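Now for the letters of each chain:
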Amino acid sequence: MSSASEEGSSSDEDHEQEEVKKEIWKGHYSSAHKILLVGEGDFSFSLCLARSFGSARNIVATTVDTHQELVKKYSNVAENVRELQDRGSVVLYGVDATAMSNHFFITTQRFHRIVYNFPHVGFRFPEANGCQIKLNKQLVKGFLKNAKMLLKKENGEIHVSHKVGEPYDSWNLDKKAEKIGLVLYERSPFFKKMYPGYAPKRAHGAAADEAFKLGESATYKFRLG
């Protein structure tokens, strides 16, 4: 027969296990989601989620840059990556958002959320120039096509956050998505303050490590049609 103290100890352990399994939300994202983050810059967004969840085991964080390129660009990226990996995240370098469905590791996975915050090809022309808009549209289209192939069929969502207004509205995200079998089901305002520690960077050129002003921005959420 168990003593009262043993029963109390067992009850405490059960309660602790329940707390560990408790789902945690940060903005649009949950600790129960398997999350793929694309174009991550200095990885500060991934790290914000990992810290909020208490673990990064559900996170695959990627960047198109090599590790060497990242260290040259961002002053705090090595520290961010180290903490992410310590928390259990898979961190991948050299991942092209427009070809990621062919990546040797990513192609074996399926995700509840695939996230690309503020995609941009870099300034080859002025922001409102037709050629610049076309390049950014091609980037987003390629990403959406690849993300669709990696999405879980049930409850899977692709999120793209970017600025609102022209020339960004000319990217026609919803139309691009519709043509490849995705449906825009919600557009939510994006507030950086929801993600403590997230530091959007310019990412390109000599000022790559400098922050850029987001202004009015939104998260476009797509599901399979």
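Scroll up to find the structure.
Here the structure is a predicted model, which means the values were calculated and not measured.

*Asks:* Looking at this structure, how should I read helix 2 (residues 44–53)?
*Replies:* Each turn of an α-helix holds 3.6 residues, which means side chains three or four residues apart point in the same direction. Along helix 2, 8 of the 10 residues are buried, which leaves the element largely enclosed by surrounding structure. Those residues of helix 2 that fall on the buried side of the exposure criterion are S44, F45, S46, L47, C48, L49, A50 and F53. Where helix 2 is buried, its residues meet strand 1 (25–26), strand 2 (29–30), strand 3 (35–38), strand 4 (59–62), helix 4 (77–86) and strand 6 (113–117). The first or second residue beyond helix 2 is G54, which carries a positive phi of 85 degrees.

*Asks:* For this particular structure, what's the right way to read the pattern of salt bridges?
*Replies:* Any two side chains of opposite charge can pair, so long as their charged atoms come close to each other. Scanning the model with the defined rule gives 6 salt bridges in all. Close ionic contact of E83 with R51 constitutes a salt bridge, the shortest N to O distance being 2.8 Å. Of this pair, E83 sits in helix 4 while R51 is found in helix 2, placing the two residues 32 residues apart along the sequence. Assessed through its relative accessible area of 45%, R51 is described here as partly exposed. Several salt bridges converge on common partners, so that one network encompasses R51, E83 and R87.

*Asks:* Honestly, the nonpolar core in this entry has me stumped. Any pointers?
*Replies:* Burial of nonpolar side chains together is a common tendency in soluble globular proteins. Membership of the largest hydrophobic core comes to 32 residues, with the highest contact counts inside it found for L36, M100, I114, F143, L144 and F222. Secondary structure elements with two or more residues in this core: strand 3, strand 6, helix 5 (130–150), strand 7 (157–163), helix 6 (173–179) and strand 9 (217–224). It is helix 5 that provides the largest number of residues to this core, a total of 8 residues. Other than its neighbours up to four places away in sequence, L36 contacts V60, T62, M100, I106, F111, R113, I114, V115 and L150. Grouped together as the second largest cluster of nonpolar side chains are 27 residues, F45, F53, I59 and V115 included.

Parameters and conventions
- Residues numbered from 1 in each chain as written.
- Predicted model: local features only at pLDDT ≥ 70, side-chain atom pairs only at ≥ 80, totals over all residues.
- Heavy atoms only, no water.
- Buried < 20%, exposed > 50% of the residue type's maximum accessible area, 1.4 Å probe, protein only.
- Helix = DSSP H or I, 4+ residues; strand = E, 2+ residues; numbered from the N terminus.
- Contact = heavy atoms within 4.5 Å.
- Salt bridge = Lys/Arg side-chain N within 4 Å of Asp/Glu carboxyl O.
- Core = buried A, V, L, I, M, F, W, Y, C linked by side-chain atoms within 4.5 Å.

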